[in-house]
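The lines below spell out each chain.
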Amino acid sequence: MLRGIQKATANWFGRVITGAILGLIAISFAVWGIGDIFRGFGQSQMARVGNTEISIEQFRQTYNERLQQIARQAGRPITTEQAIAFGLPRQLLGQMLAEAALDEDARHLGLAIPDSEIARRIMSDPNFAGATGQFDKFRFEQLIRQAGFTEPRYVAEQRRVSLRRQIAESIGGGVVVPKAELDLQNRYENEQRSVEFVRLDPAQAGDIPEPSPEAVTQYFNERKALFRAPEFRKLLLVVLSPAEEAQWAEISDADLRKAYEDRRARYVTPERRDVQQIVFPNAEEARAAREKILAGTPFAQIAAERGLKESDFNLGNVARASILDKAVADAAFALPPEGISEPVAGRFGTVLVRVGKIEAEVVRPFEEVAAEIRRELAQDRARTKITDLRHQLEDEQGAGQPLAEIAQKLNVKTRTIEAVDRSGRNPQGEPAAGLPQSRELLTGAFSSDVGVENDAIQLPSGDYVWYEVAGITPSRERPLEEVRERVIARMRDEEIARRLKARAEEIADKVKAGTPFAEAAPGLQVQTVSGLKRAEVKGGLSYKLLASIFELPKDGVGVGEGDEPTQWFVFRVTDISVPALDPASPEAKQSADTIRNAMLDDLIAQYVARLQTDFGASVNERALNQVLTGGAAN
């Protein structure tokens, strides 16, 4: 819980309480299905925590923004029915109720944050950093606008986020991870073991006689399900690939030049200045301070006299766009080196600005970036073409046209996979040629039916795949003659495994009785491996064997199967070591953070639950249903 709150303070979208808190809403107060609490609401009220109300319009706006956000991520609209099926409306309202509980608590506690601190936090948010790593006002405005915020609304939201964070930090700021718990975690992750072992493979099983026809028949009849032919499906695919399309895009020199001019700001390292500022409550004090500075008093001394630390008045080496206050930015970038401004009427008070070193603007020439621009233009055009084709294809699908006819009409290539099973293999047991690597595609194909329209799938590469089931070959029982060789091979492997296991147990019993490994396993090479960890396999051992190795004490002897049933091991644990815990190591810090976050999650969940109980939390279920169905809330 706390981890979600802390992350939100560095998140430009500014939604503070994340997934962990959503689950606790239904636990911390029984909102859903309790009729008594759905009484006494105003016409515009969706929910209430104490005196903090969530209006119907506020919920509707936030809900629509969230739907749009998910739709952008999914690349398609999200219907109300889908949102309800995912539980989005109730999760979102639960989140808003949790936020409201913390906001109500902040008011009761009288918490406040000055405007200057909010401005500092926004300007230091890495999400708003430009190419230079400094605050970029254009990027700031663009991102919050995309998220549906105006600047005043975003600033107000960040103020609430910051207050919530104060509460969270006050609750969990003193949590200390017990050393015993860190020691246990360290032992589990870093304990190392050394073993000596012998490996048994089919060569140690001796001669395996060919099974009789009667034995083969009996074995097959008892295990027919193991040899069934899987269901195969014939698929018709349309694959739209921006990367492939970009290879054929033709970009003229004129287009390159125009793109260079249009994007010139990207190839410019803007002028940067060392800027310091002091904010005064009025112009008179600012003018008096300026006179002192001009008379020889250092700027830093004036700041110190006003109780400011260097971090409070020194903005550092910044570009114009990194200064949130436009009036201050204009004044700073109009001064000469070592210049002191006249008092400036800034957003947060009257400001004196001092400029130190100035770094001139640097522009990358066209010839240096032409190849980069060509590649980007090709990718942009490819994405545009693919997007247009995607929309056309989806429109045609909506009209009920088969995929093959749509592809022919739009002049796009189709790809036929003649037969593929659920694992992506053809009837020969090989990976099906031409099939995109997508578990989602196979799952969808085997959940669909012949001729049924299916939604496109977007691959991690950015490609889009439309698919249609063109045929189904049902799973069937194979006759013995078709799989006789496989049956005999399986019978042979099982006999080898049985013999190897028995031999391994015989060797282990001797070693346990004190016989040296070399004598207990004549003809086998005794090998050693050290530094084994629970999550790390080496020395030719198998993951299956690791669990057994870490279950035994020092000098413990065990047996285990290898990666294949026809491979067995006998081992003895020769050493166990646990590296001393170094609290300063990156691994120890990561473990401590993981444990601490889990403890803080529990604390903040309990705190929010108690707030909702103390302040009282209620939901207008009727209004919620009316928002979701599009009716008017009464």
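Everything quoted here is computed from the prediction, not taken from an experiment.

J.: Just checking my understanding: could you explain the sheet that holds strand β13 (residues 464–473) for this structure?
T.: Taken together, the 4 strands give an open sheet; going across it, the order is β11-β4-β13-β12, and neighbouring strands pair in antiparallel fashion. Where the open sheet ends on each side, the last strands, each with one partner, are β11 (415–420) and β12 (457–458). Sitting on the sheet, helix α17 (residues 366–398) touches β4 (232–240) and β13, and the angle it makes with β13 is about 40 degrees. Across the sheet, helix α18 (residues 403–410) touches β4 and β13, and the angle it forms with β4 is around 25 degrees.

J.: Is there a simple way to think about the pattern of salt bridges in this case?
T.: Where side chains of opposite charge bring their charged atoms close, a pairing between them can arise. Following the criterion strictly, the structure yields 55 salt bridges and no others. A salt bridge links K234 to E418; the shortest N-O distance between them is 3.8 Å. Placement of K234 in strand β4 and of E418 in strand β11 is noted, with a sequence separation of 184 residues between them. Residue classification places K234 among the partly exposed positions, given a relative accessible area of 32%. One salt bridge in this structure joins R499 and E495, with 2.9 Å as the shortest N-O distance. One end of the pair, R499, and the other, E495, are both in helix α20 (residues 480–512), 4 residues apart, so they sit about a helical turn from each other.

J.: How should the side chain of S194 be read in this particular structure?
T.: Inspection of the secondary structure puts S194 in strand β3 (residues 192–200). In this structure, S194 is in contact with V529, S530, G531, R572, V573, T574 and D575, ignoring residues within four places of it in sequence.

J.: Help me out: how do you make sense of the pairing of β4 in this one?
T.: Summarising burial for β4: 7 of the 9 residues are buried, a large majority. Two strands pair when backbone bridges link them, and β4 and β13 are joined in this way by 9 bridges, in the antiparallel orientation. Pairing of F232 across the sheet is with T473, part of β13. Of the pairings in the sheet, the one linking β4 to β11 comprises 4 bridges and is antiparallel in character. Across the sheet, L236 pairs through a bridge with T416, a residue of β11.

J.: What should I look at first to understand the pairing of β3 in this one?
T.: Here is the key point about a regular strand: its side chains alternate between the two faces of the sheet. A large share of β3 lies buried, amounting to 7 of its 9 residues. In this sheet, strand β16 (residues 568–577) lies alongside β3 in antiparallel orientation, the contact comprising 9 bridges. Looking at the pairing, V198 lines up with V570 of β16. Note that β3 and strand β14 (residues 527–532) share 4 bridges and pair antiparallel. The residue bridging R193 from the neighbouring strand is L532, located in β14.

J.: Sorry, what's going on with helix α23 (residues 586–615) here?
T.: Side chains three or four residues apart in an α-helix point the same way, a direct result of the helix having 3.6 residues per turn. Compared with the 44 Å implied by 1.5 Å per residue over 30 residues, the 42 Å span of α23 between its first and last C-alpha is a close match. Turning to α23, its buried residues number three or more, namely A588, S591, A592, I595, N597, L600, D601, I604, V608, A609, L611 and Q612. The positive-phi residue at the C-terminal boundary of α23 is G616, with phi of around 90 degrees.

J.: In this structure, what is going on with the nonpolar core? I would like to understand it.
T.: Grouped burial of nonpolar side chains is what soluble globular proteins tend to show. Formed by 45 residues in total, the largest nonpolar core has its most connected members in M46, F59, Y63, L93, F128 and F140. Ranked by residue count, the leading element in this core is helix α5 (residues 88–109), at 10 residues. Judged by nonpolar contacts, the second largest core, of 18 residues, contains V198, I208, V511 and L524.

J.: I'm lost on the sheet that holds strand β17 (residues 617–619) in this one. Help?
T.: Backbone-to-backbone hydrogen bonds pair the strands of a sheet. The strands run either parallel or antiparallel. With antiparallel pairing, 3 strands are arranged side by side in an open sheet as β2-β1-β17. Each end of this open sheet is capped by a strand with a single partner; those strands are β2 (52–55) and β17. Neighbour-to-neighbour, the strand axes of the sheet open up by a mean angle of 15 degrees, direction not taken into account. Packing against the sheet, α5 makes contact with β1 (45–49), β2 and β17, and its axis sits at approximately 45 degrees to β1.

J.: How should the packing of aromatic side chains be read in this particular structure?
T.: Where two aromatic rings form a pair, the distance of their centres and the angle of their planes describe that pair. Considering all chains together, one arrives at 13 aromatic pairs under this definition. Ring geometry for F59 versus Y63: centroids 5.8 Å apart, planes at 5 degrees, classification stacked. Taken together, the residues span about one helical turn, with F59 and Y63 both in helix α3 (residues 56–74) at a distance of 4 residues. Each member of the pair, F59 as well as Y63, is classed as buried. Considering the side-chain rings of F149 and Y154, the 5.6 Å spacing of their centres and the 85 degrees angle between planes classify their relative orientation as edge-to-face. For the residue pair F149 and Y154, the accessibility class agrees, reading buried in each case. Against the face of F149 rests R153, its NZ or CZ located 4.5 Å from the ring centre.

J.: I tried to follow helix α7 (residues 137–146) on my own but got confused; where do I start?
T.: Considered for burial, the residues of α7 that qualify are F140, L143 and I144. Seen from one end, α7 has its buried residues packed into an arc of 95 degrees, which puts them on one side. Facing away from the buried side of α7, by more than 90 degrees, are the exposed residues F138 and R145. After α7 finishes, the residue G148 shows a positive phi value of roughly 85 degrees.

J.: What exactly am I supposed to notice about the confidence of the model for the protein here?
T.: Caution is warranted with low-pLDDT regions, since their predicted coordinates should not be read in detail. When the pLDDT values of the protein are averaged, the result is 85; 91% of them are 70 or greater. The least confident element of the protein is helix α2 (residues 19–28), whose mean pLDDT is 33; the most confident is helix α10 (residues 213–222), at 96. Low pLDDT, under 50, characterises residues 1–41; the predicted model gives this stretch 101 contacts beyond four residues in sequence or across chains.

What counts and how
Residues numbered from 1 in each chain as written. Predicted model: local features only at pLDDT ≥ 70, side-chain atom pairs only at ≥ 80, totals over all residues. Heavy atoms only, no water. Pairing = 2+ DSSP bridges. Helix = DSSP H or I, 4+ residues; strand = E, 2+ residues; numbered from the N terminus. Contact = heavy atoms within 4.5 Å. Axes fitted to C-alpha atoms, helices over the stretch in contact; angles between N-to-C directions. Salt bridge = Lys/Arg side-chain N within 4 Å of Asp/Glu carboxyl O. Buried < 20%, exposed > 50% of the residue type's maximum accessible area, 1.4 Å probe, protein only. Expected span 1.5 Å × (residues − 1). Core = buried A, V, L, I, M, F, W, Y, C linked by side-chain atoms within 4.5 Å. Phe/Tyr/Trp six-rings, centres within 6.5 Å; stacked < 30°, edge-to-face > 60°. Lys NZ or Arg CZ within 6 Å of the ring centre and 35° of its normal. Arc of directions from axis to C-beta. pLDDT = per-residue confidence, 0-100.

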